[in-house]
4 protein chains.
Amino acid sequence: MNRSPRDSPLAPALEAAAWLNTDRALTLEGLRGQIVLLHAFQMLCPGCVSHGLPQAARAFDQFGPRGLVVIGLHTVFEHHAVMGEDALAAFVHEYRWRFPIMIDQPSSSGPVPRTMARYGWRGTPTTVLIDRTGHVRLNHFGHLDDLSLGAAIGHLLAEDASAPEARTPEAARSGTCTPLGRG
Amino acid sequence: MNRSPRDSPLAPALEAAAWLNTDRALTLEGLRGQIVLLHAFQMLCPGCVSHGLPQAARAFDQFGPRGLVVIGLHTVFEHHAVMGEDALAAFVHEYRWRFPIMIDQPSSSGPVPRTMARYGWRGTPTTVLIDRTGHVRLNHFGHLDDLSLGAAIGHLLAEDASAPEARTPEAARSGTCTPLGRG
Amino acid sequence: MNRSPRDSPLAPALEAAAWLNTDRALTLEGLRGQIVLLHAFQMLCPGCVSHGLPQAARAFDQFGPRGLVVIGLHTVFEHHAVMGEDALAAFVHEYRWRFPIMIDQPSSSGPVPRTMARYGWRGTPTTVLIDRTGHVRLNHFGHLDDLSLGAAIGHLLAEDASAPEARTPEAARSGTCTPLGRG
Amino acid sequence: MNRSPRDSPLAPALEAAAWLNTDRALTLEGLRGQIVLLHAFQMLCPGCVSHGLPQAARAFDQFGPRGLVVIGLHTVFEHHAVMGEDALAAFVHEYRWRFPIMIDQPSSSGPVPRTMARYGWRGTPTTVLIDRTGHVRLNHFGHLDDLSLGAAIGHLLAEDASAPEARTPEAARSGTCTPLGRG
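Residues numbered from 1 in each chain as written. Chains lettered and ligands numbered in written order. Predicted model: local features only at pLDDT ≥ 70, side-chain atom pairs only at ≥ 80, totals over all residues. Heavy atoms only, no water.

1. Focus: the packing of helix H1 (residues 46-63) of chain B against helix H4 (residues 146-158) of chain B
Residues and elements named next belong to chain B.
So, step 1. In contact at an axis separation of 12 Å, H1 and H4 are set at 35 degrees when each is read in the N-to-C sense. The crossing of H1 and H4 is right-handed. Residue-level contacts link Gln55, Arg58, Ala59 and Phe63 of H1 to Asp146, Leu149, Ile153 and Leu157 of H4.
So, step 2. Broken down by class, the residue content of the contact of H1 with H4 amounts to 5 nonpolar, 1 polar and 2 charged. (Axes fitted to C-alpha atoms, helices over the stretch in contact; angles between N-to-C directions. Helix = DSSP H or I, 4+ residues; strand = E, 2+ residues; numbered from the N terminus. Left-handed = near helix turned anticlockwise from the far one by under 90°. Contact = heavy atoms within 4.5 Å. Nonpolar A, V, L, I, M, F, W, Y, C, P; charged D, E, K, R; others polar.)

Structure representation (structure tokens):
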């Protein structure tokens, strides 16, 4: 990630065809002041289903209460006929994804949809972090491990001292050892 | 974690009986200005072997080049006779842990060794993060997920803008989808 | 599983709407003399995608050369509009499933397709093992661990001594210990 | 594995220095008529701790009620001083292994203990299956996947029709799909 907003590009606007899991359209402008995680995926992309989307869901559960906005972006660039809105809705229902999901606006001139083209994404899964000032601080194609994503989120959260107190999750004690016996 | 050093206690000094994987003793005073991750473990603690130590090794590999100091602390409070220095050395050799490991100084008055007592740890695994000013910002007993630990490290790294540029790891592309075909 | 064909029902015939990954339709009658693993799934069923289909693929790779026939059955009983043949073909292409896959014949009278109704399956994933005499020896709904599935397959393979010699896979030596050093 | 006892060697006798988790010494002769799984391990062997011993425990839980005898063999050929009986007892206690564990008799002439030498094992983990007639049907060094081990156990269980009825475990329904809704 970029350590400073200065060398980071401003995030292009999102071009949405439709939204799921939210009753109003979201815009990056409207989210200024908040940290935004965009997860670009396709519902038939194996790496998205096994890794990217579960990771986005973990980030949503864990950092949503601390101000992180998680948005799934369905950026269909192949198999368009079978990854339409109805198919996506069934997929979201079955997998119980709960964060807002935007359908990227198709392009009239090629298979790559508009937001994907604007951001220059190479494929799916892609993970993007936008800071409170609207700059793209991380733009990562492919598998991203949790330690790295956590560090990038932690860095952006630290940039504003007025954010609410961070919580460390109450962890399962299973497998632990204490002087009083094993957990 | 604590968002500010102000409400965080100063880290007590380490009391070492011996060190592995380093040719000189480390002190927290000598590490002032660096972020320190202490991982307290026992070589026969299942949760340490399956989760805590591998996580410490990942943090060492990933954030060591960015200035994080990782120290394993062998805090033996049970089965003392079979977790001595020779046993630990064999364990470290077989598992190929590469970060510095300190053996906590036994107490003359009870089973809990001295550093463990000073920090008030409840058992193993325990993860501690100390900031550049020597304050304990995270003190966590039990399983800690990678997103949370990553966020805490990222927060502390962000507190000093003079740190070197963060790198996002070159990730495996397996399972990805691109407009040119699958990875 | 049933230890004997005697108390086991004869397997009902398959009713196929179409086939993928094979250039000719398969019938249980035509497969008499071979052991058949049916894996009933839906392409949008999370448990099928994360566990059932990968397990079927492992069984196909490992026991196919020893005479096990693996057939995926796409038994769509919900979201019919978005799990048609084209959608399934894209799914199979992206996930690279290589074993033959049959599309269960829809019913004119309800959501449950015909083969599913004949076998009385409760849902997906479901795993069925048919012995060389055409009897259903295992009919399992839900997660099935590899030890259990392996044992059932091994039992059926043992019922015919004329089968080719079993091979134990050449395993990775990583993590092993030898008197000559670690693997 | 060998499909027939005819081409399989008779299992050499076990030479025990001591036993854990059983109040009497076991002998292969005394176990004739039962299928025996020997799991040769060392308590400081990473592949044994992460894979081999958990697999032996699964086999013990799942096939013990159906007549499989599981025996852990602590075959120490390195780091002898720190893998003695007391250390092993602490290890077994902490990890809660419940199947009988034999300590292999040290050799007076070299580091490799006697049972290990008799069987010609190359290192740890090693998995051995002995059939009801006392023949070694599987002798595998290194990682062995659950499907393969299950198949070998299933084959041996099938060789005696008088064995009790096999049970398929009641599986978790989580992630399943039924016509009535998701599990």
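Now, onward.
2. A short note on unusual backbone geometry
So, step 1. With omega at -5 degrees, the peptide bond leading from Thr124 of chain A into Pro125 of chain A counts as cis.
So, step 2. Positionally, Pro125 of chain A belongs in the loop between helix H3 (114-119) and strand E5 (126-130).
So, step 3. Notably, His79 of chain C is not glycine yet its phi reads approximately 50 degrees, a positive angle.
So, step 4. Its location among the elements puts His79 of chain C in the loop between strand E3 (68-74) and helix H2 (85-95).

3. Overview of the pairing of strand E6 (residues 136-141) of chain A
Residue and element names in this part refer to chain A.
So, step 1. Within E6, 5 of the 6 residues are buried, which leaves the element mostly enclosed by the surrounding structure.
So, step 2. Of the pairings in the sheet, the one linking E5 to E6 comprises 5 bridges and is antiparallel in character. When the bridges of E6 are listed, Ile130 appears paired with Val136.
So, step 3. Hairpin geometry of E5 and E6 is characterised by an intervening segment of 5 residues between the two adjacent antiparallel strands and by a positive phi of about 85 degrees at Gly134. (Buried < 20%, exposed > 50% of the residue type's maximum accessible area, 1.4 Å probe, protein only. Pairing = 2+ DSSP bridges.)

4. Remarks on the pattern of salt bridges
So, step 1. This model, assessed by the stated rule, comprises 24 salt bridges over all chains.
So, step 2. Where Arg58 of chain D meets Asp146 of chain D, a salt bridge forms, and the shortest distance between an N and an O atom there is 3.1 Å. In this pair, Arg58 of chain D is assigned in helix H1 (residues 46-63) and Asp146 of chain D in helix H4 (residues 146-158), connecting sequence segments 88 residues apart.
So, step 3. With relative accessibility at 33%, the residue Arg58 of chain D sits in the partly exposed group.
So, step 4. A salt bridge links Arg98 of chain D to Asp61 of chain D; its shortest N-O distance comes to 2.8 Å. Placement of the pair is Arg98 of chain D in the loop between helix H2 (85-95) and strand E4 (101-104) and Asp61 of chain D in helix H1, with a sequence separation of 37 residues.
So, step 5. For Asp61 of chain D, a relative accessible area of 45% corresponds to the partly exposed category.
So, step 6. When salt bridges with common partners are traced through the structure, they connect Glu15, Arg114 and Arg118 of chain A into a single cluster. (Salt bridge = Lys/Arg side-chain N within 4 Å of Asp/Glu carboxyl O.)

5. Section: the packing of aromatic side chains
So, step 1. Here the structure, examined in full by the defined rule, presents 28 aromatic pairs over all chains.
So, step 2. Ring geometry for Tyr95 of chain A and Trp97 of chain A: centres 5.7 Å apart, planes at 10 degrees, overall stacked. With respect to class, Tyr95 of chain A is no different from Trp97 of chain A; both count as buried.
So, step 3. Note on Phe91 of chain C and Tyr95 of chain C: the rings are 4.7 Å apart at their centroids and 40 degrees apart in plane angle, and the pair reads as tilted. Residue Phe91 of chain C and its partner Tyr95 of chain C are both found in helix H2; the two are separated by 4 residues, about one turn of the helix. One exposure class covers both Phe91 of chain C and Tyr95 of chain C, and it is buried.
So, step 4. Put simply, the rings of Phe41, Phe60, Phe91, Tyr95, Trp97 and Phe99 of chain A pair up and form one aromatic cluster. (Phe/Tyr/Trp six-rings, centres within 6.5 Å; stacked < 30°, edge-to-face > 60°.)

6. Considering the sheet that holds strand E4 (residues 101-104) of chain B
Residue and element names in this part refer to chain B.
So, step 1. The 6 strands lie next to each other as E1-E4-E3-E2-E5-E6, forming an open sheet whose pairing is mixed. Single-partner strands in this sheet number two, and they are strand E1 (16-20) and strand E6 (136-141). The mean inter-strand angle of the sheet, taken between neighbouring strand axes irrespective of direction, is 20 degrees.
So, step 2. Two elements, strand E3 (residues 68-74) and E4, share 3 bridges in a ladder whose sense is parallel. When the bridges of E4 are listed, Gly72 appears paired with Ile101.
So, step 3. Packed onto the sheet, H1 meets strand E2 (35-41) and E3 and runs at close to 160 degrees relative to E2.

Everything listed here is a matter of coordinates, which is why it stays silent on function.
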